[in-house]
Amino acid sequence: MLLKDKTVIVTGGSRGIGAAVAIGCAQHGANVVVSHHSNADEVVAAIQALGRGVVAVKGDVADPATGSLLVQAAVEHFGGVDVLVSNAGICPFHAFLDMPPETLKRTMEVNLHGAYFVTQAVANRMKEQGRGGSIIAMSSISALVGGEFQTHYTPTKAGVHSLMQSCAIALGKYGIRCNSLLPGTILTDINKDDLADLDKKAYFEKRIPLGRLGQPEDLVGPAVFLASDMAQYVTGAALLVDGGMFVNLQ
Ligand SMILES: NC(=O)C1=CN([C@@H]2O[C@H](COP(=O)(O)OP(=O)(O)OC[C@H]3O[C@@H](n4cnc5c(N)ncnc54)[C@H](OP(=O)(O)O)[C@@H]3O)[C@@H](O)[C@H]2O)C=CC1
Ligand SMILES: C[C@H](O)[C@@H]1OC(=O)[C@H](O)[C@@H]1O
(Lines give C-alpha, C1' and ligand atoms only; values in the text may rest on other atoms or scores of the structure.)
(Ligands and ions follow the chains in the order given, each with its own letter.)
Protein backbone atom coordinates (compact mmCIF):
# COMPACT_ATOMS: atom_id res chain seq x y z
CA MET A 1 0.00 0.00 0.00
CA LEU A 2 2.37 2.70 -1.24
CA LEU A 3 -0.31 5.40 -1.28
CA LYS A 4 -2.33 4.51 1.81
CA ASP A 5 -4.77 7.35 2.64
CA LYS A 6 -3.19 9.74 0.16
CA THR A 7 -5.48 11.76 -2.09
CA VAL A 8 -4.67 11.67 -5.78
CA ILE A 9 -6.16 13.85 -8.53
CA VAL A 10 -5.94 12.29 -12.00
CA THR A 11 -6.92 14.43 -14.98
CA GLY A 12 -8.22 12.46 -17.95
CA GLY A 13 -8.95 9.68 -15.48
CA SER A 14 -11.96 8.29 -17.31
CA ARG A 15 -10.22 6.31 -20.06
CA GLY A 16 -6.89 4.89 -21.24
CA ILE A 17 -3.76 5.63 -19.25
CA GLY A 18 -5.50 7.95 -16.77
CA ALA A 19 -8.13 5.33 -15.91
CA ALA A 20 -5.47 2.66 -15.32
CA VAL A 21 -3.45 5.04 -13.13
CA ALA A 22 -6.53 6.13 -11.15
CA ILE A 23 -7.47 2.51 -10.43
CA GLY A 24 -3.82 1.58 -9.75
CA CYS A 25 -3.51 4.39 -7.18
CA ALA A 26 -6.69 3.17 -5.48
CA GLN A 27 -5.27 -0.37 -5.41
CA HIS A 28 -2.34 1.14 -3.53
CA GLY A 29 -4.66 2.69 -0.93
CA ALA A 30 -5.38 6.16 -2.34
CA ASN A 31 -8.62 8.09 -2.55
CA VAL A 32 -9.03 9.48 -6.04
CA VAL A 33 -10.51 12.55 -7.70
CA VAL A 34 -11.20 11.53 -11.30
CA SER A 35 -11.20 14.51 -13.64
CA HIS A 36 -12.91 13.89 -16.96
CA HIS A 37 -14.60 15.58 -19.88
CA SER A 38 -17.50 13.23 -20.65
CA ASN A 39 -18.21 10.22 -18.42
CA ALA A 40 -16.23 8.45 -15.69
CA ASP A 41 -18.84 5.98 -14.40
CA GLU A 42 -16.78 2.83 -15.08
CA VAL A 43 -13.68 4.08 -13.29
CA VAL A 44 -15.75 5.35 -10.37
CA ALA A 45 -17.39 1.91 -10.02
CA ALA A 46 -14.01 0.15 -10.21
CA ILE A 47 -12.57 2.33 -7.44
CA GLN A 48 -15.68 1.98 -5.27
CA ALA A 49 -15.36 -1.80 -5.64
CA LEU A 50 -11.87 -1.51 -4.17
CA GLY A 51 -13.36 0.19 -1.12
CA ARG A 52 -11.54 3.47 -1.70
CA GLY A 53 -13.00 6.96 -1.84
CA VAL A 54 -13.66 8.38 -5.28
CA VAL A 55 -15.28 11.48 -6.73
CA ALA A 56 -15.66 12.34 -10.41
CA VAL A 57 -15.42 15.96 -11.52
CA LYS A 58 -16.46 16.93 -15.03
CA GLY A 59 -14.69 19.85 -16.69
CA ASP A 60 -12.41 21.00 -19.48
CA VAL A 61 -8.81 21.24 -18.25
CA ALA A 62 -8.24 24.03 -20.77
CA ASP A 63 -10.53 26.18 -18.63
CA PRO A 64 -8.39 27.82 -15.91
CA ALA A 65 -11.27 27.33 -13.42
CA THR A 66 -11.14 23.52 -13.65
CA GLY A 67 -7.98 23.18 -11.55
CA SER A 68 -9.63 25.00 -8.64
CA LEU A 69 -12.75 22.82 -8.92
CA LEU A 70 -10.60 19.69 -8.73
CA VAL A 71 -8.79 20.97 -5.64
CA GLN A 72 -12.11 21.97 -4.07
CA ALA A 73 -13.48 18.44 -4.60
CA ALA A 74 -10.34 16.88 -3.09
CA VAL A 75 -10.57 19.13 -0.04
CA GLU A 76 -14.32 18.68 0.46
CA HIS A 77 -14.33 14.90 0.08
CA PHE A 78 -10.91 13.88 1.37
CA GLY A 79 -9.48 16.85 3.30
CA GLY A 80 -6.71 17.83 0.88
CA VAL A 81 -4.52 16.68 -1.99
CA ASP A 82 -1.20 14.80 -1.97
CA VAL A 83 -0.65 13.83 -5.60
CA LEU A 84 -1.57 15.20 -9.03
CA VAL A 85 -1.30 13.10 -12.17
CA SER A 86 -1.74 15.65 -14.96
CA ASN A 87 -2.66 13.30 -17.75
CA ALA A 88 -5.55 14.68 -19.85
CA GLY A 89 -4.55 15.07 -23.46
CA ILE A 90 -5.62 14.93 -27.09
CA CYS A 91 -3.81 14.10 -30.31
CA PRO A 92 -5.93 14.78 -33.40
CA PHE A 93 -3.49 13.52 -36.05
CA HIS A 94 -3.11 15.99 -38.95
CA ALA A 95 -0.54 16.97 -41.60
CA PHE A 96 1.62 20.05 -40.97
CA LEU A 97 1.14 22.05 -44.19
CA ASP A 98 -2.61 22.47 -43.80
CA MET A 99 -2.95 22.28 -40.02
CA PRO A 100 -6.16 24.12 -39.10
CA PRO A 101 -5.34 26.91 -36.63
CA GLU A 102 -8.18 25.75 -34.39
CA THR A 103 -6.66 22.23 -34.12
CA LEU A 104 -3.28 23.67 -33.17
CA LYS A 105 -4.86 26.04 -30.64
CA ARG A 106 -7.06 23.41 -29.01
CA THR A 107 -4.20 20.89 -28.72
CA MET A 108 -1.98 23.49 -27.06
CA GLU A 109 -4.79 24.63 -24.76
CA VAL A 110 -5.78 21.15 -23.56
CA ASN A 111 -2.35 19.52 -23.35
CA LEU A 112 -0.08 22.36 -22.24
CA HIS A 113 -2.19 25.19 -20.84
CA GLY A 114 -4.45 22.64 -19.14
CA ALA A 115 -1.47 20.98 -17.45
CA TYR A 116 -0.20 24.42 -16.40
CA PHE A 117 -3.49 25.58 -14.85
CA VAL A 118 -4.17 22.34 -12.97
CA THR A 119 -0.57 22.10 -11.72
CA GLN A 120 -0.76 25.72 -10.50
CA ALA A 121 -4.04 25.18 -8.62
CA VAL A 122 -2.82 21.96 -7.00
CA ALA A 123 0.59 23.41 -6.11
CA ASN A 124 -1.04 26.36 -4.33
CA ARG A 125 -3.11 23.98 -2.22
CA MET A 126 -0.09 21.76 -1.48
CA LYS A 127 1.88 24.83 -0.38
CA GLU A 128 -0.97 25.86 1.93
CA GLN A 129 -1.17 22.35 3.44
CA GLY A 130 2.55 22.47 4.24
CA ARG A 131 3.19 18.74 3.81
CA GLY A 132 4.71 18.65 0.33
CA GLY A 133 3.32 16.55 -2.48
CA SER A 134 4.02 14.89 -5.80
CA ILE A 135 3.06 16.21 -9.23
CA ILE A 136 3.43 13.94 -12.24
CA ALA A 137 2.85 15.09 -15.82
CA MET A 138 2.05 12.62 -18.60
CA SER A 139 4.56 13.77 -21.18
CA SER A 140 5.63 11.35 -23.93
CA ILE A 141 8.46 9.83 -25.89
CA SER A 142 7.16 12.51 -28.28
CA ALA A 143 8.88 15.11 -26.09
CA LEU A 144 12.13 13.71 -27.52
CA VAL A 145 11.24 12.72 -31.09
CA GLY A 146 8.97 14.03 -33.81
CA GLY A 147 5.90 12.80 -35.64
CA GLU A 148 4.86 13.73 -39.19
CA PHE A 149 1.21 14.12 -38.19
CA GLN A 150 1.93 15.40 -34.69
CA THR A 151 3.56 18.82 -35.28
CA HIS A 152 0.94 20.43 -33.05
CA TYR A 153 1.18 17.68 -30.41
CA THR A 154 4.88 16.93 -29.86
CA PRO A 155 5.63 20.51 -28.72
CA THR A 156 2.96 20.15 -26.03
CA LYS A 157 4.63 17.01 -24.73
CA ALA A 158 8.06 18.69 -24.71
CA GLY A 159 6.26 21.58 -23.00
CA VAL A 160 4.83 19.58 -20.10
CA HIS A 161 8.21 17.91 -19.56
CA SER A 162 9.79 21.37 -19.39
CA LEU A 163 6.98 22.58 -17.12
CA MET A 164 7.82 19.83 -14.62
CA GLN A 165 11.52 20.75 -14.72
CA SER A 166 10.78 24.40 -13.94
CA CYS A 167 8.15 23.53 -11.34
CA ALA A 168 10.62 21.19 -9.63
CA ILE A 169 12.75 24.29 -9.03
CA ALA A 170 9.87 26.63 -8.16
CA LEU A 171 8.22 24.17 -5.75
CA GLY A 172 11.16 22.28 -4.22
CA LYS A 173 11.23 24.69 -1.28
CA TYR A 174 7.72 23.50 -0.35
CA GLY A 175 8.65 19.81 -0.56
CA ILE A 176 6.63 19.42 -3.74
CA ARG A 177 8.26 17.02 -6.23
CA CYS A 178 7.58 17.39 -9.96
CA ASN A 179 8.39 14.71 -12.51
CA SER A 180 7.23 13.53 -15.90
CA LEU A 181 6.44 10.15 -17.37
CA LEU A 182 7.26 9.60 -21.05
CA PRO A 183 5.12 6.75 -22.39
CA GLY A 184 5.96 5.22 -25.75
CA THR A 185 3.08 3.92 -27.84
CA ILE A 186 0.30 2.71 -25.56
CA LEU A 187 -2.86 1.14 -26.98
CA THR A 188 -5.72 3.54 -26.16
CA ASP A 189 -8.48 5.47 -27.93
CA ILE A 190 -6.03 8.29 -28.71
CA ASN A 191 -4.25 6.18 -31.36
CA LYS A 192 -6.94 3.66 -32.32
CA ASP A 193 -7.39 5.14 -35.79
CA ASP A 194 -3.68 5.72 -36.35
CA LEU A 195 -2.80 2.12 -35.45
CA ALA A 196 -5.57 0.78 -37.67
CA ASP A 197 -2.78 1.11 -40.26
CA LEU A 198 -1.40 -2.39 -39.72
CA ASP A 199 1.93 -1.64 -41.40
CA LYS A 200 2.50 1.19 -38.97
CA LYS A 201 1.50 -0.98 -36.02
CA ALA A 202 3.88 -3.73 -37.16
CA TYR A 203 6.68 -1.16 -37.53
CA PHE A 204 6.23 -0.06 -33.92
CA GLU A 205 6.09 -3.64 -32.66
CA LYS A 206 9.32 -4.45 -34.50
CA ARG A 207 11.02 -1.37 -33.10
CA ILE A 208 10.20 -2.14 -29.46
CA PRO A 209 12.85 -4.38 -27.83
CA LEU A 210 10.31 -5.77 -25.36
CA GLY A 211 8.31 -6.94 -28.39
CA ARG A 212 4.90 -5.42 -27.82
CA LEU A 213 3.01 -2.15 -27.76
CA GLY A 214 2.22 -0.74 -24.32
CA GLN A 215 -0.96 -1.19 -22.31
CA PRO A 216 -2.36 1.54 -20.02
CA GLU A 217 -1.50 -0.66 -17.01
CA ASP A 218 2.21 -0.37 -17.93
CA LEU A 219 2.09 3.19 -16.58
CA VAL A 220 0.71 2.24 -13.17
CA GLY A 221 3.94 1.12 -11.50
CA PRO A 222 5.95 4.15 -12.66
CA ALA A 223 3.15 6.56 -11.62
CA VAL A 224 2.65 4.95 -8.20
CA PHE A 225 6.40 4.99 -7.61
CA LEU A 226 6.74 8.70 -8.43
CA ALA A 227 3.64 9.47 -6.37
CA SER A 228 4.92 7.59 -3.32
CA ASP A 229 7.49 8.34 -0.65
CA MET A 230 9.72 5.70 -2.31
CA ALA A 231 10.56 8.57 -4.70
CA GLN A 232 11.12 11.11 -1.90
CA TYR A 233 14.40 12.38 -3.45
CA VAL A 234 13.24 12.26 -7.08
CA THR A 235 12.27 15.59 -8.61
CA GLY A 236 12.80 17.17 -12.02
CA ALA A 237 13.17 13.68 -13.50
CA ALA A 238 11.69 12.16 -16.64
CA LEU A 239 11.03 8.43 -16.93
CA LEU A 240 10.62 6.76 -20.31
CA VAL A 241 8.05 3.94 -20.26
CA ASP A 242 8.33 2.71 -23.83
CA GLY A 243 9.51 -0.90 -23.88
CA GLY A 244 12.87 0.40 -25.11
CA MET A 245 11.55 1.97 -28.34
CA PHE A 246 13.49 5.23 -27.98
CA VAL A 247 16.95 3.69 -27.73
CA ASN A 248 16.42 1.25 -30.61
CA LEU A 249 18.09 2.97 -33.55
CA GLN A 250 19.24 -0.14 -35.40
N1 LIG B 1 -1.52 6.43 -25.81
C2 LIG B 1 -0.26 6.75 -26.08
O3 LIG B 1 0.42 6.12 -26.90
C4 LIG B 1 0.38 7.89 -25.37
C5 LIG B 1 -0.32 8.82 -24.64
N6 LIG B 1 0.35 9.84 -24.00
C7 LIG B 1 -0.37 10.82 -23.21
O8 LIG B 1 -1.10 10.18 -22.20
C9 LIG B 1 -2.25 10.96 -21.87
C10 LIG B 1 -3.48 10.07 -21.87
O11 LIG B 1 -3.65 9.57 -23.18
P12 LIG B 1 -4.50 8.26 -23.51
O13 LIG B 1 -4.89 7.57 -22.29
O14 LIG B 1 -3.72 7.54 -24.54
O15 LIG B 1 -5.75 8.92 -24.23
P16 LIG B 1 -7.31 8.63 -24.19
O17 LIG B 1 -7.86 9.28 -25.40
O18 LIG B 1 -7.57 7.18 -23.99
O19 LIG B 1 -7.81 9.40 -22.89
C20 LIG B 1 -7.75 10.78 -22.85
C21 LIG B 1 -8.29 11.25 -21.51
O22 LIG B 1 -8.15 12.68 -21.45
C23 LIG B 1 -9.42 13.25 -21.16
N24 LIG B 1 -9.56 14.54 -21.78
C25 LIG B 1 -9.40 14.84 -23.10
N26 LIG B 1 -9.60 16.16 -23.31
C27 LIG B 1 -9.91 16.68 -22.11
C28 LIG B 1 -10.23 17.98 -21.67
N29 LIG B 1 -10.27 19.02 -22.50
N30 LIG B 1 -10.49 18.18 -20.35
C31 LIG B 1 -10.47 17.14 -19.49
N32 LIG B 1 -10.16 15.88 -19.84
C33 LIG B 1 -9.90 15.66 -21.14
C34 LIG B 1 -10.45 12.24 -21.67
O35 LIG B 1 -11.65 12.46 -20.97
P36 LIG B 1 -13.07 11.90 -21.52
O37 LIG B 1 -13.02 10.40 -21.46
O38 LIG B 1 -14.04 12.42 -20.51
O39 LIG B 1 -13.22 12.42 -22.90
C40 LIG B 1 -9.75 10.95 -21.32
O41 LIG B 1 -9.97 10.61 -19.98
C42 LIG B 1 -2.30 12.10 -22.90
O43 LIG B 1 -1.77 13.26 -22.31
C44 LIG B 1 -1.38 11.61 -24.00
O45 LIG B 1 -0.77 12.67 -24.68
C46 LIG B 1 1.69 9.96 -24.07
C47 LIG B 1 2.42 9.07 -24.80
C48 LIG B 1 1.83 7.97 -25.50
C1 LIG C 1 -1.08 9.26 -29.88
C2 LIG C 1 0.15 8.55 -30.31
O3 LIG C 1 -0.07 7.24 -30.65
C4 LIG C 1 1.15 8.50 -29.22
O5 LIG C 1 1.21 9.71 -28.55
C6 LIG C 1 2.40 9.82 -28.07
O7 LIG C 1 2.71 10.70 -27.31
C8 LIG C 1 3.29 8.74 -28.55
O9 LIG C 1 4.47 9.23 -28.98
C10 LIG C 1 2.53 8.13 -29.65
O11 LIG C 1 2.85 8.74 -30.87
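Residues numbered from 1 in each chain as written. Chains lettered and ligands numbered in written order. Predicted model: local features only at pLDDT ≥ 70, side-chain atom pairs only at ≥ 80, totals over all residues. Heavy atoms only, no water.

**A closer look at the overall build of the protein chain**
Then step 1. Scanning the protein chain from N- to C-terminus turns up 7 helices and 7 strands.
Then step 2. When the helices and strands of the protein chain are placed in sequence order, the string is β-α-β-α-β-α-β-α-β-α-β-α-α-β.
Then step 3. Against the globule reference of 18 Å for 250 residues, the protein chain gives a C-alpha radius of gyration of 17 Å, in line with a compact fold.
Then step 4. In the protein chain, buried positions account for 51% of the 250 residues.
Then step 5. When contacts within the protein chain are restricted to residue pairs at least 6 apart in sequence, those whose partners lie at least 24 apart make up 70%.
Then step 6. Accessible area for the protein chain stands at about 11700 Å²; split by element, carbon and sulfur atoms hold 55% of it.
Then step 7. Seen as two clouds, the 19 positive and the 22 negative side-chain charges of the protein chain have centres 7 Å apart. (Helix = DSSP H or I, 4+ residues; strand = E, 2+ residues; numbered from the N terminus. Rg over C-alpha atoms; globule rule 2.2 N^0.38 Å. Buried < 20%, exposed > 50% of the residue type's maximum accessible area, 1.4 Å probe, protein only. Contact = heavy atoms within 4.5 Å. Areas by Shrake-Rupley, 256 points an atom, 1.4 Å probe, with all protein chains shown as cover. Lys, Arg positive; Asp, Glu negative; His and termini not counted. Charge placed at Lys NZ, Arg CZ, Asp CG, Glu CD.)

**Digging into the sheet that holds strand 1 (residues 7-11)**
Then step 1. Ordered by their spatial adjacency, 7 strands build an open sheet running 3-2-1-4-5-6-7, and the pairing between neighbours is parallel. Unpaired on one side and paired on the other, strand 3 (54-58) and strand 7 (238-241) mark the two borders of the sheet. Going across the sheet, the axis of each strand differs from the next one's by a mean of 15 degrees, ignoring polarity.
Then step 2. With 6 bridges connecting them, strand 5 (residues 133-138) and strand 6 (residues 176-183) associate as parallel partners. Of the residues in strand 6, the one forming a bridge with Ser-134 is Arg-177.
Then step 3. Packing of helix 4 (residues 101-129) onto the sheet brings it into contact with strand 1, strand 4 (83-86), strand 5 and strand 6, and relative to strand 4 it is tilted by some 175 degrees. (Pairing = 2+ DSSP bridges. Axes fitted to C-alpha atoms, helices over the stretch in contact; angles between N-to-C directions.)

**Quick word on the UniProt feature "domain: Ketoreductase" (unreviewed entry) in the protein chain**
Then step 1. The positions UniProt marks with the feature "domain: Ketoreductase" (unreviewed entry) are residues 6-177.
Then step 2. With 48% helix and 16% strand, residues 6-177 has end C-alpha atoms that lie 15 Å from one another. (UniProt positions renumbered as here; feature names shortened; annotations may be inferred.)

**Some thoughts on helix 2 (residues 41-49)**
Then step 1. By the burial criterion, the buried members of helix 2 are Val-43, Val-44 and Ile-47. Angular distribution of buried residues about the axis of helix 2 spans 100 degrees; they occupy a single face of the element. With respect to the buried face of helix 2, the exposed residues turned more than 90 degrees away are Asp-41, Glu-42 and Ala-49.
Then step 2. Looking at the buried side of helix 2, the elements it contacts are helix 1 (16-27), strand 2 (31-36) and strand 3.
Then step 3. Positioned one or two residues after helix 2, Gly-51 has a phi angle of 80 degrees, which is positive. (Arc of directions from axis to C-beta.)

**Observations concerning the site of ligand 1**
Then step 1. Around ligand 1 sit 32 residues in total, of which Ser-14, His-37, Ser-38, Tyr-153 and Thr-188 are the nearest.
Then step 2. Gly-184 places a main-chain nitrogen or oxygen 3.4 Å from an oxygen atom of ligand 1.
Then step 3. Asn-191 places a side-chain nitrogen or oxygen 3.2 Å from an oxygen atom of ligand 1.
Then step 4. Considering ligand 1 on its own, with 890 Å² of exposed area, one finds that the protein chains cover 94% of that surface. (Near = heavy atom within 4 Å. Polar contact = N/O pair within 3.5 Å; in protein donor to acceptor, adjacent residues only side chain to side chain.)

**Brief notes about the pattern of salt bridges**
Then step 1. By the definition in use, this model includes 11 salt bridges.
Then step 2. Across the pair Arg-212 and Asp-218 runs a salt bridge, and its minimum N-O distance is 2.8 Å.
Then step 3. Through salt bridges with shared partners, a single network forms among Lys-4, Asp-5 and Arg-52. (Salt bridge = Lys/Arg side-chain N within 4 Å of Asp/Glu carboxyl O.)

**What to know about the packing of aromatic side chains**
Then step 1. A complete count under the given rule lists 1 aromatic pair for this structure.
Then step 2. Taking the centre distance of 5.7 Å and the plane angle of 45 degrees together, the rings of Tyr-203 and Phe-204 count as tilted.
Then step 3. We classify Phe-204 as buried; its relative accessible area is 15%. (Phe/Tyr/Trp six-rings, centres within 6.5 Å; stacked < 30°, edge-to-face > 60°.)

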